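The primary structure of each chain is shown beneath.
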Amino acid sequence: MSAIIQAIFINPPMAIARLGGSSTPQEAFQWIQNPAPRANAETVITPDWSLRILPDSSVEPYMPTEISLRDGELIRPVAPFFEIWARMGEPGSAESSWADAPLTPALLKRFKIPLANLSLEVNAQNHKAARRASNPLLRFGTYPSVVVKADNHANIPLLAVSPPAAANPMIPAGRNIPLGSIQFLLSKPQPNIGPSNGQPWLAAVNVEILRFRFTPARGRVYGPPDTSQDHQPPTGAPAPPVLEPFNFLNPDAGWRGTTGTQASIVSPWDTYDGADDGNDNDANDELSLGVIDDTCEARVKATLRFPGAAGRTISATANIFVAPPDFAPDRRPFLSMADEINDRSADIAQRNAAMSTAERERWVEDLFERAYETLSLLNIDYYRELRAMRLPAGARRPQPIPGESMRLPLRAFGASDPLRNPDFALSNGNTDDPLPLTSHARSRHRYLSDLQALHDFVQLHPTRLKQLIRQSFHLRSPETANATSMQMPPLMRNSNALPLTLSTWQYDLLMSWVDDIVQTPVTSPLGRSAIVARRADERLDEILAGMGTSAPGGQP
């Protein structure tokens, strides 16, 4: 028997779109190893095959010569493409025997399925105000869902309105908030791969597969009429929260005037305009200004209907999360969405155990490279002032670090913090080194992003990483959502508003690697003295770093 279309799926099943005011979407890029040996990051971005939508709604692959992230003052949006695939198998066969194949017009024609029998149903929603006010009538989105057939190649806007059940809608009747657009693209025959066709993209891109594109909104904010007037923020000059003509929301719908106590189900709760006007004695403190944005979550359902009155229907879904721009796309996060998803898989222990020694070594080095890249974006001195906890009397060093002059010694990271390395006394900052803690942290993380240096560090200090790195979802007394210890990663929040941690599988895999390194004999011909000598070079480099030089033969 011949294989039939058993199922369909969307690739990718989940994607991040990013707001941008430019009409030109962001071109594709990938991370590569930084070719500059003394650069500030382990990776850089380089162009990758991108798709240009032509006037007939087909796509043309091309390789950008450079990556542009904005056009003048307008940031380019990230507008992901999605492909629809078929799962092919003989009738009655086991799913494990099915094979993946691109869903193309030719494949549909083989089974006498009209192109219009394939459709998308898009439901885009923003529930931020609804959650914070505990009022479902403050949500807004596509009511009803937008349906696009595969033979319609127009770029269809996703216009959000208040729910039909809202008697006093936040978005007035006749108005809407654009949440982006969806477009089913025109398929074209895929050229044959060969030396004479002159198309270098053929091995990387299939222009025949049925695909669609989601383009996010422009990154605008909306509010009631009075939000176009100047408001005094906690710091800085007065400015209008919302620009005309986007100040058309209904001030009496229930979002304006919401207080923090109503928003307590959201963590962190203070993430709306008006949450802190800088005056705790003001009767209007913590009252929402009624401002919303044009981010959203969109669920796309692709449905394929087979011909005939009793024709079966198969479907697949994809989820799109619209986020703000990434202002440092060349720096990789140490905790990604993929890491979080892996943490929810049932086979974490088996996957970790199945990694070879070489694979685990590469993973550990990559983790510390990403940690350095994230830290290189932060002003640690500033965030310490905001979020470092005060050390309890029983959790301080017996004596402060000698020679330390950095301010707030009784706060985390200070001279009395037992997690600090006493070999490094920090200043309170000067003209040459205005951010001493930031400089020190970058230097240490840069050094430890080298795998051999990390090996040496663990062998010299067998328990140090376990002391420094926070267990997954662990809270160290007296930490709170707003005051953290020096345990890594510090000064950042998790999605539950508590101190950020590695995912469970990341932490477990890292600590098992540490245990193996500790139990591995030192293999250097000079034994542990070679490590100590390298440690001396490392310390000398720390001292000379502020002088703009490095020790001969030492680490950069």
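Since the model is a prediction, treat every value here as computed from it, not as a measurement. (Residues numbered from 1 in each chain as written. Predicted model: local features only at pLDDT ≥ 70, side-chain atom pairs only at ≥ 80, totals over all residues. Heavy atoms only, no water.)

A. Region of the structure containing the environment of Thr-357. For Thr-357, the location among the structural elements is in helix H5 (residues 357-375). Separated by 156 residues in sequence, Thr-357 and Trp-513 place their C-alpha atoms 9.0 Å apart. (Helix = DSSP H or I, 4+ residues; strand = E, 2+ residues; numbered from the N terminus.)

B. Main features of the packing of aromatic side chains. In this structure the tally under the stated criterion is 8 aromatic pairs. Ring geometry for Phe-184 against Phe-212: centres 6.2 Å apart, planes inclined by 70°, an arrangement best described as edge-to-face. Placement of Phe-184 in strand S15 (residues 177-184) and of Phe-212 in strand S16 (residues 211-215) is noted, with a sequence separation of 28 residues between them. The exposure classification of Phe-184 matches that of Phe-212, with both residues buried. Linked through ring pairs, Phe-82, Phe-184 and Phe-212 together constitute an aromatic cluster. Here the basic side chain of Arg-351 rests over the ring of Trp-505, its NZ or CZ set 6.0 Å away from the ring centre. Between the NZ or CZ atom of Arg-446 and the centre of the ring of Tyr-372, over which it lies, the distance is 5.7 Å. (Phe/Tyr/Trp six-rings, centres within 6.5 Å; stacked < 30°, edge-to-face > 60°. Buried < 20%, exposed > 50% of the residue type's maximum accessible area, 1.4 Å probe, protein only. Lys NZ or Arg CZ within 6 Å of the ring centre and 35° of its normal.)

C. Region of interest: helix H8 (residues 451-460). Here H8 lies mainly inside the structure; 8 of its 10 residues are buried. Along H8, the residues classified as buried are Leu-451, Ala-453, Leu-454, His-455, Asp-456, Phe-457, Val-458 and Gln-459.

D. Highlighting the pattern of salt bridges. Evaluation of the coordinates by the stated rule reveals 22 salt bridges. Of the charged contacts, one joins Arg-76 and Asp-71 as a salt bridge, the two residues approaching to 2.9 Å between their closest N and O atoms. Note on Asp-71: relative accessible area 28%, which makes it partly exposed. One salt bridge in this structure joins Arg-420 and Glu-404, with 2.7 Å as the shortest N-O distance. Of this pair, Arg-420 sits in the loop between helix H6 (380-387) and helix H7 (436-448) while Glu-404 sits in the loop between H6 and H7, and the two are 16 residues apart along the sequence. We note that Arg-420, like Glu-404, is buried. One network of salt bridges, with partners in common, ties together Arg-332, Asp-339, Asp-366, Glu-369, Arg-370 and Glu-373. (Salt bridge = Lys/Arg side-chain N within 4 Å of Asp/Glu carboxyl O.)

E. Expanded view of the nonpolar core. Of all hydrophobic cores here, the largest spans 59 residues; its most connected members are Ile-5, Leu-103, Ile-177 and Phe-214. Take this core: its biggest share by element is 5 residues, from strand S20 (residues 313-323). Setting aside chain neighbours within four positions, we find Ile-177 in contact with Phe-140, Leu-158, Leu-159, Ala-160, Ile-171, Tyr-222, Phe-248, Leu-249, Ile-292 and Asp-294. (Core = buried A, V, L, I, M, F, W, Y, C linked by side-chain atoms within 4.5 Å. Contact = heavy atoms within 4.5 Å.)

F. Spatial organisation of the confidence of the model for the protein chain. Averaged over every residue, the pLDDT of the protein chain is 88; the share at 70 or more is 88%. Across residues 539-556 the pLDDT falls below 50, and counting only partners more than four positions away or on other chains, this stretch makes 19 contacts in the model. (pLDDT = per-residue confidence, 0-100.)

G. Representation of the pairing of S20 within the structure. Across 5 bridges, the pairing between strand S2 (residues 14-18) and S20 is parallel. Opposite Arg-18, over in S20, you have Ala-323 as the bridge partner. Two elements, strand S19 (residues 297-305) and S20, share 9 bridges in a ladder whose sense is antiparallel. For Glu-297, the partnering residue across the bridge sits in S20 and is Phe-321. (Pairing = 2+ DSSP bridges.)

H. Local environment of the environment of Thr-438. As for its placement among the helices and strands, Thr-438 is situated in helix H7. Using a relative accessible area of 2% as the deciding quantity, one classes Thr-438 as buried. Aside from chain neighbours lying at most four places away, what touches Thr-438 is Leu-378, Asn-379, Ile-380 and Asp-381. Reaching out from Thr-438, the side chain makes a polar contact with the side chain of Asp-381 at a distance of 2.6 Å. (Polar contact = N/O pair within 3.5 Å; in protein donor to acceptor, adjacent residues only side chain to side chain.)

I. View of the packing of H5 against helix H10 (residues 504-519). At a minimum axis separation of 11 Å, H5 and H10 run at an interaxial angle of 115°. Considering only the axes of H5 and H10, their crossing is left-handed. In contact with Arg-360, Glu-361, Trp-363, Val-364, Leu-367, Phe-368 and Arg-370 of H5, H10 contributes Trp-505, Gln-506, Leu-509, Leu-510, Ser-512, Trp-513, Asp-516 and Ile-517. Of the residues assigned to the contact of H5 with H10, the class counts are 9 nonpolar, 2 polar and 4 charged. (Axes fitted to C-alpha atoms, helices over the stretch in contact; angles between N-to-C directions. Left-handed = near helix turned anticlockwise from the far one by under 90°. Nonpolar A, V, L, I, M, F, W, Y, C, P; charged D, E, K, R; others polar.)

J. Spatial organisation of H7. In a regular helix each residue adds 1.5 Å, so 13 residues correspond to 18 Å; H7 covers 18 Å between its end C-alpha atoms and thus fits that length. Those residues of H7 lying buried are Pro-436, Leu-437, Thr-438, His-440, Ala-441, Arg-444, Arg-446, Tyr-447 and Leu-448. (Expected span 1.5 Å × (residues − 1).)

K. Looking closely at unusual backbone geometry. Following Ser-477, the chain continues to Pro-478 via a peptide bond in cis, the omega torsion being 5°. Within the secondary structure layout, Pro-478 lies in the loop between helix H9 (464-468) and H10. For the bond running from Met-488 to Pro-489, omega is -5°, close enough to zero to count as cis. Mapping Pro-489 onto the fold places it in the loop between H9 and H10. The phi torsion at Ser-57 lies on the positive side, around 75°, for a residue other than glycine.

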